[in-house]
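# Architecture and fold: a report
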Amino acid sequence: MKLTSPLLLLAICVVLAVAGWFATMLSGRYGLATPVLPLTGLVTMGVIVALTLVLGIRVLRWRNGKKKKKILNPILAAWTLVLAQACAYTGAVLLGWHAGIVVEQLRLWNLRSNQDITWQALAMAGGALIMVIVGLVVERFCRIPPEDGDADSRPGVQGKRSKPSAEGEYAYRSD
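Cut-offs used in this document
Residues numbered from 1 in each chain as written. Predicted model: local features only at pLDDT ≥ 70, side-chain atom pairs only at ≥ 80, totals over all residues. Heavy atoms only, no water. Helix = DSSP H or I, 4+ residues; strand = E, 2+ residues; numbered from the N terminus. Buried < 20%, exposed > 50% of the residue type's maximum accessible area, 1.4 Å probe, protein only. Contact = heavy atoms within 4.5 Å. Patch = residues over 30% accessible without salt bridge, like charges linked within 9 Å, V, L, I, M, F, W, Y side chains within 5 Å. Areas by Shrake-Rupley, 256 points an atom, 1.4 Å probe, with all protein chains shown as cover. Salt bridge = Lys/Arg side-chain N within 4 Å of Asp/Glu carboxyl O. Expected span 1.5 Å × (residues − 1). Polar contact = N/O pair within 3.5 Å; in protein donor to acceptor, adjacent residues only side chain to side chain. Core = buried A, V, L, I, M, F, W, Y, C linked by side-chain atoms within 4.5 Å.

## Brief notes about the overall build of the protein chain
Of the regular secondary structure elements, the protein chain holds four helices and zero strands. Along the protein chain, from the amino end to the carboxyl end, the secondary structure elements read α-α-α-α. Within the protein chain, buried positions represent 31% of all 175 residues. Partitioning the contacts of the protein chain with sequence separation of at least 6, the portion at a separation of at least 24 is 80%.

As structure tokens, this is what we get:
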């Protein structure tokens, strides 16, 4: 599985920033409420980040362990990877949206006496940035380092199978 591209996340962020700016401009023009998430969304973002970190650290500990007595559940490892990628993409969407809102609010900074919406959008953008960072870091935790001998072989090409050295190992029909 390929790692998430930071350039793709940046592109998503820029597209959503333009959309957030446009939506904020239209909502202000027609007297509607600014489309910013409430601050209680930070609690949800914090729970997602904490869960992603806990699962990612669990995978990292298994990966870096010298003696791997317990086998890591492959489904849990896959869920951790998917959660990390979802965290990064969701963070990019929320960061872009709220950055667009902040840009539009800064235009009106001197005209308003109450800047609560701007601070709220900045807080949500900060939480979203943390989501992106944690998602990318935990995704790197889930990478399996190459095994000995993998550097010599090309990807997708199987090497020559050798005979088992001891009883109890898998035997291959190459005799």
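## Considerations on a nonpolar patch on the surface
On the surface, Leu 7, Leu 10, Val 14 and Val 18 cluster together to form a nonpolar patch covering roughly 410 Å² of accessible area. Looking at where Leu 10 falls in the secondary structure, it is placed in helix 1 (residues 6-29).

## What about helix 2 (residues 41-64)?
The terminal C-alpha atoms of helix 2 lie 34 Å apart, and with 24 residues this matches the ideal 34 Å at 1.5 Å per residue to within 8%. What helix 2 keeps buried is the set Gly 41, Met 45, Val 49, Thr 52, Leu 55, Gly 56 and Val 59. Here the buried face of helix 2 lies against helix 3 (74-107) and helix 4 (116-141).

## Observations regarding the side chain of His 98
Of note, His 98 is situated in helix 3. Given a relative accessible area of 0%, His 98 falls into the buried group. Within polar-contact distance, the side chain of His 98 engages the backbone nitrogen of Leu 37 at 3.3 Å. His 98 has contacts with Val 36, Leu 37, Ala 121, Met 124 and Ala 125, leaving out every residue within four places of it along the chain.

## Digging into the nonpolar core
In terms of nonpolar packing, the biggest core is built from 14 residues, with Met 45, Val 49, Leu 94, Leu 95, Ala 128, Met 131 and Val 138 touching the most fellow members. Those elements that place two or more of their residues in this core are helix 2, helix 3 and helix 4. Among the elements that line this core, the one with the most residues is helix 4, at seven residues.

## Some remarks on the pattern of salt bridges
It is possible for side chains bearing opposite charge to pair when their charged atoms get close. For the coordinates displayed, the defined rule picks out two salt bridges. For Glu 104, the salt bridge identified is with Arg 107, shortest N-O distance 2.5 Å. Linking Glu 104 with Arg 107, this pair stays in helix 3, spanning three residues, or about one helical turn. Note on Glu 104: relative accessible area 3%, which makes it buried. Here Arg 140 and Glu 139 are joined by a salt bridge, their closest N and O atoms 3.4 Å apart. Residue Arg 140 is classed as partly exposed on the basis of its relative accessible area, which comes to 33%.

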